[in-house]
Amino acid sequence: QVQLVESGGGLVQAGGSLRLSCAASGFTFDRYVMGWFRQAPGKEREIVAAISWSGGSTVYGDSVKGRFTISRDNAQGMVYLQMNSLKPEDTAVYYCAADSRFAIITLESEYDYWGQGTQVIVSS
């Protein structure tokens, strides 16, 4: 059974940091691109970051470049999102997702598996 379980969300002040974690199981983790998406109230879900099988390539959404860092630990089946210099506009539910393609894809419709999401609230 495939599972993606996010953790690490919470309430933080603007300028602060959070580290999200996603524990994956039930599929061949190191053969999946992993992505983080987010959805704010009243908005469409958008890509935050994605990372290749090996972790050697990454892609970031324009709004988080230079502030967020995605990483993965294939031995542990984990993917992380380090979020620094948080802004109120980063407030959203953050989702972990897995895609079986080799190339990094940023379209949410192409991802095969999804977690349940973790809430991040950034206060001003």
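Refer to the structure printed above.
Everything quoted here is computed from the prediction, not taken from an experiment.

Undergrad: Explain the overall build of the protein chain to me, please; I cannot follow it from the model alone.
TA: The secondary structure content of the protein chain amounts to zero helices and eleven strands. In sequence order, the secondary structure elements of the protein chain are arranged as β-β-β-β-β-β-β-β-β-β-β. For 124 residues, the compact-globule formula gives about 14 Å, and the C-alpha radius of gyration of the protein chain, at 13 Å, lands near that figure. Along the first, second and third principal axes, the C-alpha set of the protein chain runs to 40 × 25 × 25 Å. Of all intrachain contacts in the protein chain linking residues separated by at least 6 positions in sequence, the fraction that spans at least 24 positions is 59%. When the accessible surface of the protein chain is split by element, carbon and sulfur atoms take 47% of a total near 6200 Å². Seen as two clouds, the 10 positive and the 12 negative side-chain charges of the protein chain have centres 4 Å apart.

Undergrad: Hey, could you run me through the pattern of salt bridges in this one?
TA: A side chain of one charge can pair with a side chain of the opposite charge if their charged atoms are brought near each other. Summed over all chains, the structure comprises eight salt bridges. A salt bridge links E108 to R45, with the shortest nitrogen-to-oxygen separation between them at 3.1 Å. Residue E108 is found in the loop between strand 9 (92-99) and strand 10 (113-114), and its partner R45 is found in the loop between strand 4 (33-39) and strand 5 (46-51); the two are separated by 63 residues along the sequence. On the basis of relative accessibility, which here comes to 29%, the residue E108 falls in the partly exposed class. Note that R101 is salt-bridged to E110, the shortest N-O span being 2.9 Å. Of the residues examined, E110 reaches a relative accessible area of 30% and is grouped as partly exposed.

Undergrad: Where do I start with the environment of T58 in this structure?
TA: Relative to the elements of secondary structure, T58 occurs in strand 6 (residues 58-60). Through-space distance from the C-alpha of T58 to that of G8 is 21 Å; in sequence the pair is 50 residues apart. The residues touching T58, leaving out its near neighbours within four places in the chain, are A50, I51, I70 and I104.

Undergrad: Can you walk me through the sheet that holds strand 7 (residues 68-73) in this structure?
TA: Strand pairing in a sheet takes place through backbone hydrogen bonds and is either antiparallel or parallel in direction. Taken in spatial order, the four strands of this open sheet run 1-3-8-7, and their pairing is antiparallel. Each edge of the sheet is formed by a strand with only one pairing partner; in this case those strands are strand 1 (3-7) and strand 7. Each adjacent strand pair in this sheet contributes to an overall mean axis angle of 15 degrees, direction not counted. By the bridge criterion, five bridges tie strand 1 to strand 3 (residues 18-25) in an arrangement that is antiparallel.

Thresholds applied
- Residues numbered from 1 in each chain as written.
- Predicted model: local features only at pLDDT ≥ 70, side-chain atom pairs only at ≥ 80, totals over all residues.
- Heavy atoms only, no water.
- Helix = DSSP H or I, 4+ residues; strand = E, 2+ residues; numbered from the N terminus.
- Rg over C-alpha atoms; globule rule 2.2 N^0.38 Å.
- Contact = heavy atoms within 4.5 Å.
- Areas by Shrake-Rupley, 256 points an atom, 1.4 Å probe, with all protein chains shown as cover.
- Lys, Arg positive; Asp, Glu negative; His and termini not counted.
- Charge placed at Lys NZ, Arg CZ, Asp CG, Glu CD.
- Salt bridge = Lys/Arg side-chain N within 4 Å of Asp/Glu carboxyl O.
- Buried < 20%, exposed > 50% of the residue type's maximum accessible area, 1.4 Å probe, protein only.
- Pairing = 2+ DSSP bridges.
- Axes fitted to C-alpha atoms, helices over the stretch in contact; angles between N-to-C directions.

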